[in-house]
Amino acid sequence: KLSIDNSRAAILSEFDSLEGGSLYLIDAKGEKLIDDGVYYFVMAPSGKAVVYLTDYDYRAGTATLMLYNGRKSVKIKNDISLVINDEPYLVISPDGSAVAYLEKDEDDEFTSYISINGKAPRKFGKYQEIVALSDKAKYVYYIEFEEDRYSGGEFYVKSGNDKVKLAADSEKLGDLLFNEDCTQMLFHY
């Protein structure tokens, strides 16, 4: 995966579906090993940070959520119960300061969480799937589903305590286009 300006790349090498692989960050200075045993990752568009999963337990469906912040890796949370469709559900802000993920509970229902600057995650909302975050989660774009209905949710943006409904049915949304820091968005409905 490449940063938006093509100055950095993150790669997962020697990947094995049970053991994971080695995560590297590559730039003009060379390559840097971030961690081993990495199962999945998402690089911030700026290339300054990478959120990733280690210690994946296939049977339990759990992993450890980590954030490489450009200097070091910090553990965000142990043993998150992953929500996996085609791949694990992780979102990172353009500068890497905010990370969102979904976690399922014992009833197989999902809740979204946000971590800012690698700190302990805070609950965002049950049945709310975050699709994008601005830096430090000033703006959070998400789909709110009804209980036991995981399609056609309402699309919102939230800033502080203010939330604005952008679309009544997320399935009718076209492509979402964000500016560089995710403070503005274009979409058609």
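What you see as residue numbers is a count from 1 along each chain, following the sequence as written. Given that this is a predicted model, residues contribute local features only at a pLDDT of at least 70 and side-chain atom pairs are listed and counted only at 80 or more, while totals for whole chains, interfaces and linings are drawn from all residues. Only hydrogens and water are set aside when side-chain values are computed; all heavy atoms of the structure are taken into account.

### So, the overall build of the protein chain
Logical step 1: Counting secondary structure elements, the protein chain contains zero helices and 16 strands.
Logical step 2: C-alpha atoms define the radius of gyration in this analysis, and the globule rule sets the expected value at 2.2 Å times the number of residues to the power 0.38. Compactness check: the protein chain gives a C-alpha radius of gyration of 16 Å against a globular reference of 16 Å for 189 residues, within 12% of the reference.
Logical step 3: Expressed along its principal axes, the backbone C-alpha trace of the protein chain runs to roughly 45 × 40 × 30 Å.
Logical step 4: In the protein chain, which comprises 189 residues, the proportion classed as buried is 45%.
Logical step 5: The contact definition used throughout considers only heavy atoms, calling two residues in contact when any of these lie within 4.5 Å. Look at the contacts in the protein chain between residues 6 or more apart in sequence, and 30% of them connect residues 24 or more apart.
Logical step 6: In summary, the charge assignment counts Lys and Arg as positive and Asp and Glu as negative, without counting His or the chain termini. Charge positions are represented by NZ for Lys, CZ for Arg, CG for Asp and CD for Glu. Averaged over its 22 positive side-chain charges, the protein chain has a centre that lies 8 Å from the centre of its 33 negative ones. Numbering of helices and strands runs from the N terminus; a helix is a DSSP stretch of H or I covering at least four residues, while a strand is a stretch of E covering at least two. Per-residue accessibility, obtained with a 1.4 Å probe over protein chains only, is compared with the maximum for each type, and a residue is labelled buried under 20%, exposed over 50%, and partly exposed between these values.

### Looking at the sheet that holds strand β4 (residues 50-57)
Logical step 1: One bridge is not enough; two strands pair if DSSP finds at least two bridges between them. One open sheet accounts for six strands, arranged β1-β2-β3-β4-β5-β6; its pairing is antiparallel. Each edge of the open sheet is held by one strand with a lone partner, namely β1 (9-16) and β6 (73-81). Pairwise comparison of adjacent strand axes, ignoring direction, gives a mean angle of 35 degrees for this sheet. A fitted line through C-alpha atoms represents every axis, and for helices the fit uses only the stretch in contact; the resulting angles, taken between N-to-C directions, go from 0 to 180 degrees.

### Here we look at the packing of aromatic side chains
Logical step 1: Aromatic contacts are taken between Phe, Tyr and Trp rings whose centres are within 6.5 Å, Trp giving its six-membered ring; a plane angle under 30 degrees counts as stacked, one over 60 as edge-to-face, and the others as tilted. The final tally for this structure, using the stated rule, is ten aromatic pairs.
Logical step 2: Judged by centre distance (6.3 Å) and plane angle (40 degrees), the rings of Phe15 and Tyr39 are tilted. Within this pair, whereas Phe15 is found in strand β1, its partner Tyr39 is found in strand β3 (residues 30-43), the two being separated by 24 residues in sequence.
Logical step 3: For Phe15, a relative accessible area of 42% gives the class partly exposed.
Logical step 4: A ring pair is formed by Tyr142 and Tyr156, whose centres lie 5.4 Å apart and whose planes are at 15 degrees; its orientation type is stacked. Pair noted here: Tyr142 is in strand β12 (residues 140-144) and Tyr156 is in strand β13 (residues 154-159), with a separation of 14 residues, a long-range link.

### Focus on the nonpolar core
Logical step 1: Here, the term nonpolar core denotes a set of buried Ala, Val, Leu, Ile, Met, Phe, Trp, Tyr and Cys residues that are joined through side-chain atoms within 4.5 Å. Counting residues in hydrophobic clusters, the biggest one holds 25 residues, and the most contacted among them are Ile114, Ile130, Leu133, Val140 and Phe155.
Logical step 2: Where this core is concerned, the elements lending two or more residues are β8 (98-104), β9 (110-116), β11 (128-133), β12 and β13.
Logical step 3: When residues in this core are grouped by element, the largest group, four residues, is from β12.
Logical step 4: In this structure, Tyr40, Val42, Val51 and Leu65 belong to the second largest nonpolar core, which totals 19 residues.

### Quick word on the pairing of strand β10 (residues 122-126)
Logical step 1: Note that β9 and β10 share four bridges and pair antiparallel. Paired with Tyr113 across the two strands is Lys123, which belongs to β10.
Logical step 2: A loop of five residues connects β9 with β10, the two strands running antiparallel in sequence, and Asn117 in this loop sits at a positive phi of about 55 degrees.

### Examining the pattern of salt bridges
Pairs can form between side chains of opposite charge whenever their charged atoms are close.
Logical step 1: Basic side-chain nitrogens of Lys or Arg form a salt bridge, by our definition, when they fall within 4 Å of a carboxyl oxygen of Asp or Glu. All told, the structure shown has six salt bridges when counted by the stated rule.
Logical step 2: Two residues, Lys126 and Glu109, come together in a salt bridge whose shortest N-O distance is 3.0 Å. Here the residue Lys126 occupies a position in strand β10, and Glu109 occupies one in the loop between β8 and β9, the gap between them amounting to 17 residues.
Logical step 3: Residue classification places Glu109 among the buried residues on the basis of a relative accessible area of 11%.
Logical step 4: In the salt-bridge network here, residues are joined through shared partners; they are Asp105, Glu109 and Lys126.

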